[in-house]
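As a plain string of letters, each chain reads:
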Amino acid sequence: MKLIQSNIKKAKKYLDKNQCIAVPTETVYGLAGNAYSNLAVKKIFKLKKRPSRNPLIAHYLNIKSLTEDCFVNNDFMKLYKKFSPGPITYILNLKKNSKISKYVTNKKKCLAVRFPNHVIFKKLLKQLDYPLAAPSANISTGLSPVRASDVKDEFGSKIKFILDGGVCKIGLESTIIDVRHKPKILRLGGLEISNIQRVLNKKVTISNKPSKISAPGQLNLHYSPGIPLRLNVKKVKDNEAYLLIKKNKKTKPNYFFLSKNGNLKEIANNLYSTLRKIKKSKYKSIAVSKIPDKGLGKTINDRLIRASKF
Ligand code: TXA
Ligand code: MG
C-alpha cells in the first residue's frame with residue numbers, strides 16, 4: 001500500500017512537469033500526459049511516433065470533471081451509468097471553453113473520453129486537476145502492452161516512469177462509440193456491442209466492420225507483432241508459430257494456446273501477450289486458427305485482420 005502511494009506521488013510529479021509516463025488500465029497500458037498541456041501532448045505523439053492527425057482519448061475520473069470540457073446527452077448518460085468506469089470510450093462534443101489541448105483532438109470539435117476502471121489509475125486521477133490524454137503505450141502500429149515489462153519493451157529508457165499496476169484484466173482496447181447523433185461504433189473493443197444495444201434499446205450501427213479476409217490491403221496495419229500473420233489456418237508450415245484457441249492433446253513446440261477450453265475472455269486476455277512472446281522467439285511468421293466471430297471473438301478477429309496487413 002505504501003509503495004503504491006509513493007509511486008502515485010512520483011507519477012503526479014512527472015505529470016505536473018509535463019512529462020509523459022505509462023499508466024495501467026483494465027484494457028491496456030496507456031502513455032499518459034496532461035490533456036490540458038500542449039507540451040505534454042506533443043511529447044506523447046513524438047514518443048509513440050504517432051501521426052498528429054490521429055486523435056487521443058482523454059481519461060477522466062468521473063462525469064463531474066468531464067462536464068467542464070464536454071457536453072453530455074441522454075444516450076451518454078444511459079451508457080455511463082451502466083458501463084463506466086470500464087472499457088468504453090465515448091465521442092462527445094467539446095465545449096467552447098474546454099481546456100483540452102488542440103493537439104489531443106487534432107483541432108476537431110469532438111473529444112474521445114473514457115473513465116478507466118483500474119484502482120491505481122483512479123487513485124492517480126483523484127490527485128490531479130486535469131484529465132490524462134493516453135493512447136496505448138506502444139510505438140504506432142505495434143502491439144498494445146498489457147503489463148509493465150511490455151511498455152519497457154516498447155520504449156526502453158525513453159520512458160521516464162511506468163506506474164506498475166500488474167497485468168491488464170481485459171487485455172484488449174476499449175470499445176469506441178460516437179454518441180453525438182445516432183449511436184455508431186467506431187472501434188470494436190472490450191465491451192460487447194450486444195450489451196450496448198441492450199442498454200440504449202435502439203439500433204447501433206458499426207462503421208468499423210472488420211473487412212473480409214479476402215479483401216486485403218483495405219485496412220492499415222495495426223496491432224502488429226512485426227512479422228507476417230495468416231488467418232483461418234488449418235495447416236501450419238514447419239517453421240511457423242501456430243496460434244490455437246484451446247489446448248489440445250496434439251501439442252508441438254511451435255503451438256501456442258490462447259486458452260484452456262476456448263473461453264473468449266481468456267483468449268482475448270492472452271492474445272497480445274502470446275503475440276509478443278512469439279515476436280521475441282525465433283519464428284519468422286504466425287499462423288492463426290479460426291476464431292469464432294461472435295461476442296469478443298469479433299474484436300479479436302478485428303485486431304488479427306489488421307495485424308495480418310504486414
Ligand atoms: O482501451 C483503450 O482505449 C486504451 C487505454 C489506454 O485507454 N487507449 C487506446 O488509445 O486504445 P489509442 O490511441 O491507441 O486508440 C484510440 C483510438 C484511435 O484509433 C483514435 O483514432 C480514436 O481512438 N479516436 C480518438 N479520438 C477520436 C475522435 N475525436 N474521434 C474519433 N476517433 C477518435
Ligand atoms: Mg493504440
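In this text the structure is predicted, and so the values were computed from the model without any measurement. (Residues numbered from 1 in each chain as written. Chains lettered and ligands numbered in written order. Predicted model: local features only at pLDDT ≥ 70, side-chain atom pairs only at ≥ 80, totals over all residues. Heavy atoms only, no water.)

Q: So what's going on with the site of ligand 1? Which residues, and what values?
A: Contacts to ligand 1 come from 22 residues, most closely from Thr27, Asn54, His59, Ser174 and Arg187. Here an oxygen atom of ligand 1 sits 2.9 Å away from a polar atom, N or O, in the side chain of arginine 114. Between ligand 1 and arginine 187 there is a distance of 2.9 Å, counted from an oxygen atom to a side-chain nitrogen or oxygen. Compared with its free state, where it exposes 680 Å², ligand 1 has 89% of that area covered by protein. Within the residue set of the shell around ligand 1, elements represented by two or more residues are strand E3 (57-59), strand E5 (110-114) and strand E8 (184-187). If one sorts the elements of the shell around ligand 1 by residue count, E5 sits on top with three residues. When the residues that make up the shell around ligand 1 are grouped by side-chain class, the tally is eleven nonpolar, six polar and five charged. (Near = heavy atom within 4 Å. Polar contact = N/O pair within 3.5 Å; in protein donor to acceptor, adjacent residues only side chain to side chain. Areas by Shrake-Rupley, 256 points an atom, 1.4 Å probe, with all protein chains shown as cover. Helix = DSSP H or I, 4+ residues; strand = E, 2+ residues; numbered from the N terminus. Nonpolar A, V, L, I, M, F, W, Y, C, P; charged D, E, K, R; others polar.)

Q: So what's going on with helix H1 (residues 2-16)? Residues and values would help.
A: In this model H1 runs 21 Å from its N-terminal to its C-terminal C-alpha over 15 residues, within 8% of the 21 Å that 1.5 Å per residue would give. Three or more residues of H1 are buried, namely Asn7, Ile8, Ala11 and Leu15. Across the axial projection of H1, the buried residues extend over an arc of 105 degrees, all falling on one side. Along H1, the residues that are exposed and aim more than 90 degrees away from the buried face are Lys2, Lys9 and Lys13. Turning to H1, the residues buried within the fold contact strand E1 (21-23), strand E2 (30-34), helix H6 (119-127) and strand E6 (132-133). Backbone geometry just downstream of H1 places asparagine 18 in the positive-phi region, at approximately 65 degrees. (Expected span 1.5 Å × (residues − 1). Buried < 20%, exposed > 50% of the residue type's maximum accessible area, 1.4 Å probe, protein only. Arc of directions from axis to C-beta. Contact = heavy atoms within 4.5 Å.)

Q: Describe the packing of aromatic side chains, listing the residues and the values that go with them.
A: This structure, assessed with the given rule, holds ten aromatic pairs. Here the aromatic rings of tyrosine 223 and tyrosine 272 are separated by 6.4 Å at their centres, their planes lie at 10 degrees, and the arrangement is stacked. In this pair, tyrosine 223 sits in the loop between strand E9 (205-206) and strand E10 (229-230) while tyrosine 272 sits in helix H9 (residues 264-280), placing the two residues 49 residues apart along the sequence. This pair shows no difference in class: tyrosine 223 is buried, exactly as tyrosine 272 is. (Phe/Tyr/Trp six-rings, centres within 6.5 Å; stacked < 30°, edge-to-face > 60°.)

Q: Go over the sheet that holds strand E11 (residues 241-244), please, and point to the residues and values.
A: Sheet architecture is open: four strands sit in the order E10-E13-E11-E12, paired in parallel fashion. Edge strands, defined here as strands with exactly one partner in the open sheet, are E10 and strand E12 (255-257). Bridge count for E10 against strand E13 (residues 286-288) is two bridges, and the pairing is parallel. Bridge pairing links arginine 230 to alanine 287 in E13. (Pairing = 2+ DSSP bridges.)

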